[in-house]
Amino acid sequence: MEDPGTSALRTAVILDRYPLWLSAVARVLNAVDVDVVGSTTASDDALTLVEQNQPDLLVCDPAAANGDSTVATYFQRVEQRSAETKIVALAASRAPADIDAALEAGAVAYVIKSADPVDLASVIRQSFQKSLFLTTANYVPRTAAANGKNGKQPTDSGLTPREREILSLVAEGYSNAQLARMLWVTEQTVKFHLSNIYRKLAVTNRTEASRWAQLHGLVSTVAQEA
């Protein structure tokens, strides 16, 4: 039995359309003590590598994964081959629809390729943490939202789990700088998520967004009374 006081080296597989990115991402992973056990530009080969190595992580460009299938279909195929493998999407697209598609399909994070390598390293570290800020008091699963919470009327906001997390923290009074430190991302990333939240909720600022969160049960009773 493994000594609980020691931790085995994490492992990862990388999928990207361009060999240069495979090398660049491998360097970031190695810097945070993640061993790259395989990398490829072919989506089918990535599935084989995942099945053979059962890695902790798949860093994947959704555009490379698509082929003749959707992102959701491909990520499902990854899960079928290695249920414990987490997926981090590393993509060039900033389109909200693409971001939502990757997160809804099961990616634990979505990183824009123009991000600083330090941000990617932080995301990699965070992907191995258990629910850093997704507490039951602050997070409303889609199933709960569908039925309403605390007597509130159900609403289909279209927010991703990450956006719900950020919105609940904003409603509790945290600044962008505080959110960036909490979530291990840059303030620019926080602003990017907030712009998507405002668009989906049809609001124009954090005050209106916070009010929406309170009305729809995304803020804990303790936070509201504090």
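Residues numbered from 1 in each chain as written. Predicted model: local features only at pLDDT ≥ 70, side-chain atom pairs only at ≥ 80, totals over all residues. Heavy atoms only, no water.

Colleague: Account for the nonpolar core, with residues named and values stated.
Modeller: In terms of nonpolar packing, the biggest core is built from 24 residues, with Leu-15, Leu-58, Tyr-74 and Tyr-110 touching the most fellow members. For this core, the elements supplying multiple residues, two or more each, are β1 (10-15), α2 (43-53), β3 (57-60), α3 (62-66), α4 (71-81), β4 (86-91), α5 (96-104) and β5 (109-112). Among the nonpolar cores identified, the runner-up in size contains 21 residues, and Leu-159, Leu-179, Met-182 and Val-185 belong to it. (Core = buried A, V, L, I, M, F, W, Y, C linked by side-chain atoms within 4.5 Å. Buried < 20%, exposed > 50% of the residue type's maximum accessible area, 1.4 Å probe, protein only. Helix = DSSP H or I, 4+ residues; strand = E, 2+ residues; numbered from the N terminus.)

Colleague: Residues and numbers for α5, please.
Modeller: Buried residues of α5: Ile-99, Asp-100, Ala-102 and Leu-103, and no others. Along the long axis of α5, the arc covered by the buried residues comes to 165 degrees, so they all point the same way. In the core, the buried residues of α5 are packed alongside α4, β4, β5, α8 (161-171) and α10 (187-201). Two residues or fewer after α5 comes Gly-106, characterised by a positive phi angle close to 125 degrees. (Arc of directions from axis to C-beta. Contact = heavy atoms within 4.5 Å.)

Colleague: Go over the sheet that holds β1 with me, naming the residues and quoting the values.
Modeller: Reading across the sheet, the five strands line up as β2-β1-β3-β4-β5 and stay open at both edges, with parallel pairing between neighbours. Edge positions in the sheet fall to β2 (34-40) and β5, since each has one partner strand and no second. Taken pair by pair, the neighbouring strands of this sheet meet at an average axis angle of 20 degrees, ignoring direction. Both β1 and β2 contribute to a ladder of six bridges, which runs parallel. Among the inter-strand pairings, Leu-15 is bridged to a residue of β2, identified as Thr-40. (Pairing = 2+ DSSP bridges. Axes fitted to C-alpha atoms, helices over the stretch in contact; angles between N-to-C directions.)

Colleague: Explain the pattern of salt bridges to me, using residue names and the numbers behind them.
Modeller: According to the stated counting rule, one finds eight salt bridges in the structure shown. In this structure, Asp-100 and Lys-200 form a salt bridge, with 2.7 Å as the shortest nitrogen-oxygen distance. Here Asp-100 is found in helix α5, whereas its partner Lys-200 is found in helix α10, with 100 residues between them in sequence. Each member of the pair Asp-100 and Lys-200 is classed as buried. (Salt bridge = Lys/Arg side-chain N within 4 Å of Asp/Glu carboxyl O.)

Colleague: With reference to specific residues and values, describe the packing of α5 against α10.
Modeller: Relative orientation of the contacting elements α5 and α10 amounts to 100 degrees, with a least axis distance of 12 Å. The orientation of α5 with respect to α10, classified from their angle, is roughly perpendicular. Taking contact as the criterion, the partners of Pro-96, Ile-99 and Asp-100 in α5 are, on α10, Phe-192, Asn-196, Arg-199 and Lys-200. For the contact of α5 with α10, the residue count by class is three nonpolar, one polar and three charged. (Parallel < 35°, antiparallel > 145°, perpendicular 65-115°, else oblique. Nonpolar A, V, L, I, M, F, W, Y, C, P; charged D, E, K, R; others polar.)

Colleague: Please give an account of the packing of helix α9 (residues 176-183) against α10 that cites residues and values.
Modeller: Here α9 crosses α10 at 105 degrees, and the two axes come no closer than 8 Å. Viewed along their axes, α9 and α10 adopt a mutual orientation that is roughly perpendicular. Of α10, the residues touching α9 (which contributes Asn-176, Ala-177, Leu-179 and Ala-180) are Glu-187, Val-190, Lys-191 and Leu-194. Of the residues assigned to the contact of α9 with α10, the class counts are five nonpolar, one polar and two charged.

Colleague: Pulling in residues and values, what's your account of α10?
Modeller: Each α-helix winds once per 3.6 residues, and so residues spaced three or four apart point in a common direction. The terminal C-alpha atoms of α10 lie 21 Å apart, and with 15 residues this matches the ideal 21 Å at 1.5 Å per residue to within 8%. Considered for burial, the residues of α10 that qualify are Val-190, Phe-192, His-193, Leu-194, Asn-196, Ile-197, Tyr-198, Lys-200 and Leu-201. On the buried face of α10, the contacting elements are α5, α8, α9 and α11 (206-215). Positive backbone phi, approximately 60 degrees, marks Ala-202, located one or two places after α10. (Expected span 1.5 Å × (residues − 1).)

Colleague: Which residues make up the environment of Val-108, and what values do they have?
Modeller: Inspection of the secondary structure puts Val-108 in the loop between α5 and β5. Along the chain, Val-108 and Ile-124 lie 16 residues apart, while their C-alpha atoms are 9.7 Å from each other. When neighbours within four sequence positions are excluded, Val-108 is seen to be in contact with Lys-86, Ile-87, Val-88 and Ser-127.

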